[in-house]
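Spelled out, the chains give:
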Amino acid sequence: MSDETPAVPLFALSSGVFAERDGKILVLKRAGGAVTGGWYIPGGAFDPGETIEECARRELLEETGLRAAGPVTCVAVAHMRVYGFDSLQVLYACACPDGEIVLSDEHSAARWIDARAYRDRYFSDEIIEGYAAASTSMSTMLHNIGRAIDDYLRWRDQLAQP
């Protein structure tokens with residue numbers, strides 16, 4: 001067994017945040033990169049030396065200018081394949097009841113949307129099937145994101161039960 005560290009990680013680590021306000025989640029429109037024009041929750045790559053929760057808080061602040069008003073709760077994990085690398089994205093939920101959105105250069109727009117409407121509009125089975133013919137990897141990634149949104153929705157539903 002070698003003590004050498006591989007030049008490229010076998011599996012990258014990232015985080016995403018379901019930032020909540022008034023019953024909706026925040027989504028951002030990508031301004032560039034592999035998924036230009038797509039609407040996604042705030043998130044990004046893990047930096048060495050931070051915890052994955054710290055990564056989620058940092059990405060939320062960097063991409064939106066918002067801070068979680070309290071705890072961030074892990075609600076899902078999704079396998080992603082972006083920029084040619086496999087990534088495990090740990091997804092958190094948090095309340096962001098206050099603050100103006102200040103977008104980073106990575107995004108061109110932001111909006112608050114009902115999470116179920118977001119799932120249906122961008123990650124429905126029909127949309128994912130449409131990508132399947134053109135790109136198996138994109139179809140798989142969208143399917144995994146859809147499942148992660150389903151996990152988040154189940155978590156929200158459990159919180160709402162008495």
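The preceding data block contains the structure.
Here the residue numbers are simple positions, counted from 1 along each chain's written sequence. For this predicted model, a pLDDT threshold of at least 70 governs which residues receive local features, and a threshold of 80 or more governs which side-chain atom pairs are given and counted, while totals over whole chains, interfaces and linings are taken from all residues. Note that the side-chain values use all heavy atoms of the structure and ignore hydrogens as well as water.

> Pulling in residues and values, what's your account of the overall build of the protein?
Helix and strand counts for the protein come out as 4 helices and 7 strands. Only DSSP runs of H or I with at least four residues qualify as helices, and only runs of E with at least two residues qualify as strands; both kinds are numbered from the N terminus onward. When the helices and strands of the protein are listed from N to C terminus, the series reads β-β-β-β-α-β-β-β-α-α-α. To get the radius of gyration, use the C-alpha atoms; to get the globule rule, take the number of residues to the power 0.38 and multiply by 2.2 Å. Taken over the C-alpha trace, the protein has a radius of gyration of 16 Å; the compact-globule value for 162 residues is 15 Å, and the two agree within 12%. If one aligns the C-alpha atoms of the protein with their principal axes, the spans along those axes are about 50 × 40 × 35 Å. Residues classed as buried in the protein amount to 41% of the 162 residues present. When contacts within the protein are restricted to residue pairs at least 6 apart in sequence, those whose partners lie at least 24 apart make up 66%. Carbon together with sulfur atoms contributes 53% to the accessible area of the protein, which is approximately 9,200 Å² in total. Side chains of the protein carry 15 positive and 24 negative charges; the gap between the two charge centres is 6 Å. Note on classification: 1.4 Å probe, protein chains only; a residue is buried when its accessible area is under 20% of the maximum for its type, exposed when over 50%, partly exposed between these limits. Throughout, a contact is declared for two residues whenever any of their heavy atoms are within 4.5 Å. In these tables, accessible area is a Shrake-Rupley quantity obtained with a 1.4 Å probe, and a residue counts as shielded only by the protein chains included in the view. By the counting scheme adopted, Arg and Lys are positive, Glu and Asp are negative, and His together with the chain ends is not counted. Each charge is placed at NZ for Lys, CZ for Arg, CG for Asp and CD for Glu.

> So, the packing of aromatic side chains: which residues are in play, and what are the values?
Side-chain rings of Phe, Tyr and Trp, where Trp is taken by its six-membered ring, are said to pair if the distance between their centres is within 6.5 Å; with planes under 30 degrees apart they count as stacked, over 60 as edge-to-face, and otherwise as tilted. Scanning all chains against the criterion turns up 5 aromatic pairs. When the centroid spacing of 4.1 Å and the interplanar angle of 10° are considered together, the rings of Phe18 and Tyr152 count as stacked. Placement of Phe18 in strand 1 (residues 12–21) and of Tyr152 in helix 4 (residues 136–160) is noted, with a sequence separation of 134 residues between them. Comparing Phe18 with Tyr152, the two get one shared label, buried. Among the aromatic residues, those joined into a ring-pair cluster are Tyr40, Tyr118, Tyr122 and Phe123. By definition, being over a ring means that NZ of Lys or CZ of Arg is both within 6 Å of the ring centre and within 35 degrees of the ring normal. It is Arg111 that lies over the ring of Trp39; its NZ or CZ is 4.1 Å from the centre.

> Explain the pattern of salt bridges residue by residue, including any values.
Think of it this way: side chains of opposite charge can pair up when their charged atoms draw near. A side-chain nitrogen of Lys or Arg and a carboxyl oxygen of Asp or Glu constitute a salt bridge if their distance falls within 4 Å. Here the structure, examined in full by the defined rule, presents 10 salt bridges. A salt bridge links Arg57 to Glu53; its shortest N-O distance comes to 3.5 Å. Linking Arg57 with Glu53, this pair stays in helix 1 (residues 52–64), spanning 4 residues, or about one helical turn. Classification of Arg57 as partly exposed rests on a relative accessible area of 31%. Note that Asp157 and Arg116 form a salt bridge whose closest N and O atoms lie 2.6 Å from each other.

> Run through the state of the cysteines, naming residues and quoting values.
A pair of sulfur atoms, both from cysteines and within 2.5 Å, is called a disulfide here. Counting across every chain of the model gives 0 disulfides. Here Cys74 is not cross-linked by a disulfide; its sulfur's nearest cysteine counterpart is in Cys55, at 12 Å. The exposure class assigned to Cys74 is partly exposed, which follows from its relative accessible area of 42%. Free of any disulfide, Cys94 has its nearest neighbouring cysteine sulfur in Cys96, separated by 3.9 Å. Since its relative accessible area comes to 2%, Cys94 is described here as buried.

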